[in-house]
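What the coordinates show
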Amino acid sequence: MNHHNSVTKMMFVSALSICLLFNYAVSAIPKPEEKRVLDHDPLSHVQHYQNDEHNKQYDHEAFLGEDAKTFDQLEADESRRRLGLIVDKIDGDKDGFVNLSELKAWIQYTQRRYIDDDVNRQWKTHNPNNTEKIHWDTYRKNVYGFLDELASQETDHPSDEHFSYRAMMKRDRRRWSIADRDGDDELTREEFTDFLHPEESSHMRDVVVTETIEDIDKDSDGKVSVEEYIGDMYRQPEHDEEEPDWVKHERETFSNFRDKNKDGFMDDQEVKDWITPADFDHAEAEARHLIYEADSDADEKLTKDEIIEKYDLFVGSQATDFGEALTRHDEF
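Residues numbered from 1 in each chain as written. Predicted model: local features only at pLDDT ≥ 70, side-chain atom pairs only at ≥ 80, totals over all residues. Heavy atoms only, no water.

Quick look at the packing of aromatic side chains now. Inspection of every chain in the model, using the stated rule, returns 14 aromatic pairs. With a centroid separation of 5.9 Å and 35° between ring planes, the pair formed by Trp-136 and Tyr-139 is classed as tilted. Here the residue Trp-136 and the residue Tyr-139 both occupy positions in helix H6 (residues 136-144), the gap between them amounting to 3 residues, near one helical turn. Judged by centre distance (5.3 Å) and plane angle (50°), the rings of Tyr-229 and Phe-254 are tilted. A residue pair is termed long-range when its members are at least 10 positions apart, and Tyr-229 in helix H11 (residues 226-231) and Phe-254 in helix H12 (residues 245-258) qualify at 25 residues. Accessibility expressed as a relative area gives 0% for Tyr-229, which makes it buried. Here Arg-175 stacks its cationic end above the ring of Phe-195, 5.9 Å away from the centre of that ring. A cation over an aromatic ring shows up here: Lys-301 above the ring of Phe-97, its NZ or CZ 4.2 Å from the ring centre. (Phe/Tyr/Trp six-rings, centres within 6.5 Å; stacked < 30°, edge-to-face > 60°. Helix = DSSP H or I, 4+ residues; strand = E, 2+ residues; numbered from the N terminus. Buried < 20%, exposed > 50% of the residue type's maximum accessible area, 1.4 Å probe, protein only. Lys NZ or Arg CZ within 6 Å of the ring centre and 35° of its normal.)

In structure tokens, the structure reads:
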């Protein structure tokens, strides 16, 4: 993540000038013009269907996780070869078939691996001595410390950039406090994981809903109108043009399904039902989709040949020299 994808959407402004002025590594700082809403779909940051058209990049990211970036740069033959090695791993019982449970387990594994890798990277960045916890003051200094320098150079007219980063810091502070289960203002690795990936933790779901509403709710009335809902996924053209059919369909979806109490808006609970639907398993839904698309003999399981025949669905490729692209040599 439906159109809305966190995890993560985050707000950014070019921080290059700040980096030069304050010698600060700003690569971890979200930019103000990007949304800081976590995608409610944990498998991919792109939409599965865009303008009613199937987007294979979603499947690539769900199936490969971070390795999708590498596969996108591979020659077709190399992409197929590596896919074959992955299929051997997915086929846990070594019966020559990939069934629904095996494919679902693989998709869950790639998602977990992405989260673990991300947490490990950021844990090392903010806690180089690998102590048991990270204090908020340490995180704030690492990520937003440049604001103190910026404030000292501004007088009566703080910049819009300054306000944007202040707002982001305030949002991070709120999320940090919710992730901090014991209230000591320090996060364990588990709590830090909840902070970075709240969509994965049940007790963090409410803050995901709050952040989603804040980013879509342009008039700040605490709820989402149909125009705000549409505006989050479709930008009206400058000239008067008829809306595409998929936008009309989304308007109907809002009225018929999202707005359950028919008051013309989505409130907190309705937004929660939208972005974290009950009893919906993203990994299983994606596994079913992949089997449906590749199962040429309709036996509800996949052979290696069926998967490789549809390699562009699973991994994609690009006839280019991938040069220094990172690869996982232990796997390939």
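Over its 14 residues, H12 extends 18 Å from the first C-alpha to the last, a length consistent with the 20 Å expected when each residue adds 1.5 Å. Looking only at H12, the buried set comprises Trp-246, Val-247, Glu-250, Arg-251, Thr-253, Phe-254 and Arg-258. Next to the buried residues of H12 lie strand S7 (224-225), H11, strand S8 (265-266) and helix H13 (268-275). (Expected span 1.5 Å × (residues − 1). Contact = heavy atoms within 4.5 Å.)

On to unusual backbone geometry, then. Despite not being glycine, Asn-130 shows a phi value in the positive range, around 55°. Inspection of the secondary structure assignment puts Asn-130 in the loop between helix H5 (100-126) and strand S5 (134-135). A positive phi angle, close to 60°, is found at Lys-262, a residue other than glycine. For Lys-262, the location among the structural elements is in the loop between H12 and S8. Among the residues examined, Lys-262 registers a relative accessible area of 51% and is labelled exposed.

To continue, consider the nonpolar core. One recurring pattern in soluble globular proteins is that nonpolar side chains are buried together. Within the largest apolar cluster, 38 residues are counted, with the highest numbers of intra-cluster contacts made by Tyr-139, Trp-176, Phe-192, Phe-195, Tyr-229 and Val-271. Not counting residues within four places of it along the chain, the set of residues in contact with Tyr-229 comprises Ile-216, Val-224, Glu-250, Thr-253, Phe-254, Arg-258, Met-266 and Trp-274. In terms of nonpolar packing, the next biggest core, distinct from the first, is built from 19 residues, Val-98, Ile-107, Leu-313 and Val-315 among them. (Core = buried A, V, L, I, M, F, W, Y, C linked by side-chain atoms within 4.5 Å.)

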